[in-house]
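Listed here are the chains, written in short residue letters.
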Amino acid sequence: MERRLSDRKGDGMNIIEVDSLTKMYRVHQKSAGLRGSIHGLFKRKYVTVEAVNGISFQVEAGERVGLIGRNGAGKTTTMKMLSGLLYPDSGKAQVMGYTPWEGKRGYLAQIALLMGQKGQLLWDIQAYDSFKLNKEIYFLKEEQFQKTLKELAEILEVEHLLHIPVRNLSLGERMKMEIIAAMLHAPQILFLDEPTIGLDITTQKSLRRFLLEQNRKRGTTMLLTSHYMGDIVSLCSRIILIEQGSILFDGGIEEIRSIDEDQPIEDIIEKMCMREK
């Protein structure tokens with residue numbers, strides 16, 4: 001199976017440009033057993049793990065791109081660097097003309113990060129109050145806020161849940177509220193990290209339809225990580241396969257299908273990853 005590197009170049013305007021981005025972690029390595037634990041208190045051994053290894057790619061405005069790969073491949077680390085949560089060790093990235101990790105207000109006002117395992121809503125108050133807080137953070141006018149909230153709540157069918165404490169909502173209902181919180185300020189770029197994790201099939205399909213509609217209506221650029229191929233196939237027009245911090249493949253889903261039309265996409269991807277071990 002031929003290995004393909006990230007040399008893709010489109011004809012549109014790049015909204016994300018990544019050049020040789022690298023991130024390493026210094027990890028404590030402990031010996032097994034009680035003796036190893038005690039020894040580690042006085043003399044620690046560290047190893048350096050290269051989570052992202054000099055990756056480069058571009059994303060055009062309005063694209064829906066999936067970052068896929070096995071656990072520990074570097075997907076979420078890449079997402080966190082591009083959303084400004086992590087500093088890289090080397091390399092460059094420009095997103096809408098901003099350097100993400102500088103944390104400038106103009107940049108943060110135009111993006112949203114939605115993580116399926118980490119919510120931004122306050123647990124003990126109603127979702128509506130968290131939305132009001134976001135309204136102040138993003139300097140939204142009251143009329144604009146109410147109009148957008150009404151539209152999003154109707155599409156996601158959660159109008160009757162806005163004034164219920166978040167802790168009393170189901171997982172699927174909470175995730176819909178998280179999406180509303182992320183979309184209230186109409187971000188140009190939406191970073192999605194496992195957005196449908198743990199959700200039932202019906203809710204997954206509902207969220208996918210919503211995200212596709214937002215992309216169609218608003219031209220929202222989406223960068224998505226997910227282990228559910230249903231998310232990738234339904235939402236992404238292009239995928240970037242990452243393994244051990246490096247890009248193995250960058251192209252359309254149909255290009256992967258064409259490698260072996262008799263096998264499921266996930267099996268083809270697994271074989272591509274195994275060849276790099």
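This structure is a prediction, so every number in the text was calculated from the model and none was measured.

J.: I'd like a description of the overall build of the chain, backed by residues and values.
T.: A count of helices and strands for the chain gives ten helices and nine strands. The C-alpha radius of gyration of the chain comes to 20 Å, within 12% of the 19 Å expected for a compact globule of 277 residues. The buried share of the chain, reckoned over its 277 residues, is 46%. Considering only residue pairs separated by 6 or more positions, the chain has 73% of its internal contacts joining residues 24 or more positions apart. Surface accessibility of the chain: about 14,500 Å² in total, with carbon and sulfur atoms responsible for 49%. Charge separation in the chain, taken as the distance between the mean sites of 38 positive and 37 negative side-chain charges, equals 7 Å.

J.: Which residues make up the confidence of the model for the chain, and what values go with them?
T.: Scored by pLDDT, the chain comes out at a mean of 87, with 93% of its residues at no less than 70. Highest mean pLDDT in the chain belongs to strand 4 (residues 90–95) (96); lowest belongs to helix 1 (residues 33–42) (70). Low pLDDT (under 50) marks residues 1–9, which in the prediction has 23 contacts with non-local residues, meaning those over four places away or in another chain.

J.: Got a sec to walk through the pairing of strand 5 (residues 111–115)? Specific residues and values, please.
T.: Burial analysis of strand 5 places four of its five residues in the buried class, which makes it a mostly covered element. Inspection of the sheet shows strand 5 paired to strand 6 (residues 189–193) by five bridges, in the parallel sense. The residue bridging I111 from the neighbouring strand is I189, located in strand 6.

J.: Account for the pattern of salt bridges, with residues named and values stated.
T.: As enumerated under the stated definition, the model contains 13 salt bridges in all. The residue E142 makes a salt bridge to K132 at a minimum N-O spacing of 3.4 Å. Remark: K132 occurs in helix 4 (residues 127–137) and E142 occurs in helix 5 (residues 142–156); sequence separation between them is ten residues. According to the relative accessible area criterion, K132 is partly exposed, its value standing at 27%. Two residues, E213 and R216, come together in a salt bridge whose shortest N-O distance is 2.5 Å. On the criterion of helical spacing, the pair formed by E213 and R216 is a turn pair, its members being three residues apart in helix 7 (residues 201–218).

J.: Account for the nonpolar core, naming residues and giving values.
T.: Here is a general trend for soluble globular proteins: nonpolar side chains tend to be buried in one another's company. Formed by 48 residues in total, the largest nonpolar core has its most connected members in F131, M177 and I180. Of the residues forming this core, the biggest block, seven residues, is contributed by helix 6 (residues 171–183). The residues touching M177, leaving out its near neighbours within four places in the chain, are L121, A127, F131, V158, L161, L162 and L169. Ranked by size, the runner-up nonpolar core spans 28 residues in total, among them A73, M79, Y107 and I189.

J.: Can you tell me about the pairing of strand 6, naming the residues and giving the values?
T.: Within strand 6, five of the five residues are buried, which leaves it mostly tucked inside the rest of the structure. Along strand 6, one buried face is formed by I189, F191 and D193 and the opposite face, lined by L190 and L192, is buried too. Two strands pair when backbone bridges link them, and strand 6 and strand 7 (residues 221–225) are joined in this way by five bridges, in the parallel orientation. Across the sheet, the residue bridging to I189 is T221, located in strand 7. Following the backbone out of strand 6, through helix 7 and into the adjacent parallel strand 7, one traces a crossover that is right-handed.

The rules we used
Residues numbered from 1 in each chain as written. Predicted model: local features only at pLDDT ≥ 70, side-chain atom pairs only at ≥ 80, totals over all residues. Heavy atoms only, no water. Helix = DSSP H or I, 4+ residues; strand = E, 2+ residues; numbered from the N terminus. Rg over C-alpha atoms; globule rule 2.2 N^0.38 Å. Buried < 20%, exposed > 50% of the residue type's maximum accessible area, 1.4 Å probe, protein only. Contact = heavy atoms within 4.5 Å. Areas by Shrake-Rupley, 256 points an atom, 1.4 Å probe, with all protein chains shown as cover. Lys, Arg positive; Asp, Glu negative; His and termini not counted. Charge placed at Lys NZ, Arg CZ, Asp CG, Glu CD. pLDDT = per-residue confidence, 0-100. Pairing = 2+ DSSP bridges. Salt bridge = Lys/Arg side-chain N within 4 Å of Asp/Glu carboxyl O. Core = buried A, V, L, I, M, F, W, Y, C linked by side-chain atoms within 4.5 Å. Right-handed = clockwise from strand over helix to strand, strands pointing away.

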